[in-house]
Amino acid sequence: MTPPEGPVAGTATDGTASLAVSDSRKPAGTALITLTQRADFLRAARAKSAKTPSLFLQARRRKSGEAEGLRVGYTCSKKVGNAVARNRAKRRLREAARAVLPRAGHVGWDYVLIGRAGSTAARPFDLLLSDLEGALTRLHGDGS
């Protein structure tokens, strides 16, 4: 007995091409690069920030030549809950960032999205998106 054929790598289940978040075929400036180095998180913590009911956003403009693209990091402290709750909150933050940052974020900036206890995982997703958009508007409201 042979197993059923799965989708071909790089295609969606309906056969169309699917683009990963960091896929090079996307237009320049829309790919999200994930922050992984602790130093990047610490530099963002010393920069601008905005608080919303469902998340805390930190953002900093990088120096020229430091890195390319739109970079984003996600974190949730143990105050958010156990590992399952923290991972659920981070998944929601990741999805919100994928939806909002390519159009509202600025290339050349680092963003850190921090989950809030009791609200990141429970807030309706459309309100989570509007919270992120509002935080970005407040941070970039000075025209930068």
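None of the values given here were measured: they were computed from a predicted structure.

What follows is about the overall build of the chain. Along its length, the chain carries three helices and five strands. Element order for the chain, N to C, with α for helix and β for strand: β-α-β-β-β-α-β-α. Across the 144 residues that make up the chain, the buried fraction comes to 33%. Here the contacts in the chain between residues at least 6 apart in sequence split such that 71% fall between residues at least 24 apart.

Examined against the element boundaries, Ser119 turns out to sit in the loop between strand S5 (109-115) and helix H3 (125-140). Remark: the alpha-carbon pair of Ser119 and Ala89, spanning 30 residues in sequence, is separated by 8.8 Å. When near neighbours in sequence (up to four residues on either side) are disregarded, Ser119 contacts Pro53 and Ser54.

Its location among the elements puts Arg60 in strand S3 (residues 55-61). Within polar-contact distance, the side chain of Arg60 engages the side chain of Glu66 at 2.4 Å.

So, on to the environment of His140. Turning to its location among the elements, His140 is positioned in helix H3. Since its relative accessible area comes to 9%, His140 is described here as buried. Through-space distance from the C-alpha of His140 to that of Ala104 is 9.4 Å; in sequence the pair is 36 residues apart. In contact with His140, other than residues within four places in its own chain, are Ala104, His106, Trp109 and Tyr111.

Bringing the nonpolar core into the picture now. If you look at the biggest cluster of nonpolar residues, it comprises 25 residues, and the most contacted ones within it are Leu57, Val72, Leu101, Tyr111, Leu113 and Leu132. Looking at this core, the elements that each hand over two or more residues are S3, strand S4 (70-75), helix H2 (83-104), S5 and H3. Residue contacts for Leu132: discarding those within four places in its chain leaves Leu55, Leu57, Ala96, Ala97, Val100 and Leu113.

To continue, consider the pattern of salt bridges. This structure, assessed with the given rule, holds ten salt bridges. With a shortest N-O distance of 2.5 Å, Arg43 and Asp40 are connected by a salt bridge. Here Asp40 and Arg43 lie together in helix H1 (residues 38-45), a separation of three residues that amounts to about one turn. The residue Arg43 makes a salt bridge to Glu66 at a minimum N-O spacing of 3.7 Å. Placement of the pair is Arg43 in helix H1 and Glu66 in the loop between S3 and S4, with a sequence separation of 23 residues. Residue Arg43 is classed as partly exposed on the basis of its relative accessible area, which comes to 31%. By sharing partners, the salt bridges in this structure join Asp40, Arg43, Arg60, Arg62, Glu66, Arg71 and Asp110 into a single network.

Pairing is mixed in the open sheet, where five strands are placed in the order S1-S4-S5-S3-S2. The open sheet is flanked by strand S1 (32-34) and strand S2 (48-51), the only strands paired with a single partner. Neighbour to neighbour, the strand axes of the sheet diverge by 25° on average, direction disregarded. Taken together, the five bridges between S4 and S5 define a ladder with parallel strand orientation. Of the residues in S5, the one forming a bridge with Tyr74 is Leu113.

Analysis parameters
- Residues numbered from 1 in each chain as written.
- Predicted model: local features only at pLDDT ≥ 70, side-chain atom pairs only at ≥ 80, totals over all residues.
- Heavy atoms only, no water.
- Helix = DSSP H or I, 4+ residues; strand = E, 2+ residues; numbered from the N terminus.
- Buried < 20%, exposed > 50% of the residue type's maximum accessible area, 1.4 Å probe, protein only.
- Contact = heavy atoms within 4.5 Å.
- Polar contact = N/O pair within 3.5 Å; in protein donor to acceptor, adjacent residues only side chain to side chain.
- Core = buried A, V, L, I, M, F, W, Y, C linked by side-chain atoms within 4.5 Å.
- Salt bridge = Lys/Arg side-chain N within 4 Å of Asp/Glu carboxyl O.
- Pairing = 2+ DSSP bridges.
- Axes fitted to C-alpha atoms, helices over the stretch in contact; angles between N-to-C directions.

Limitation: the analysis is restricted to geometry and does not speak to function.
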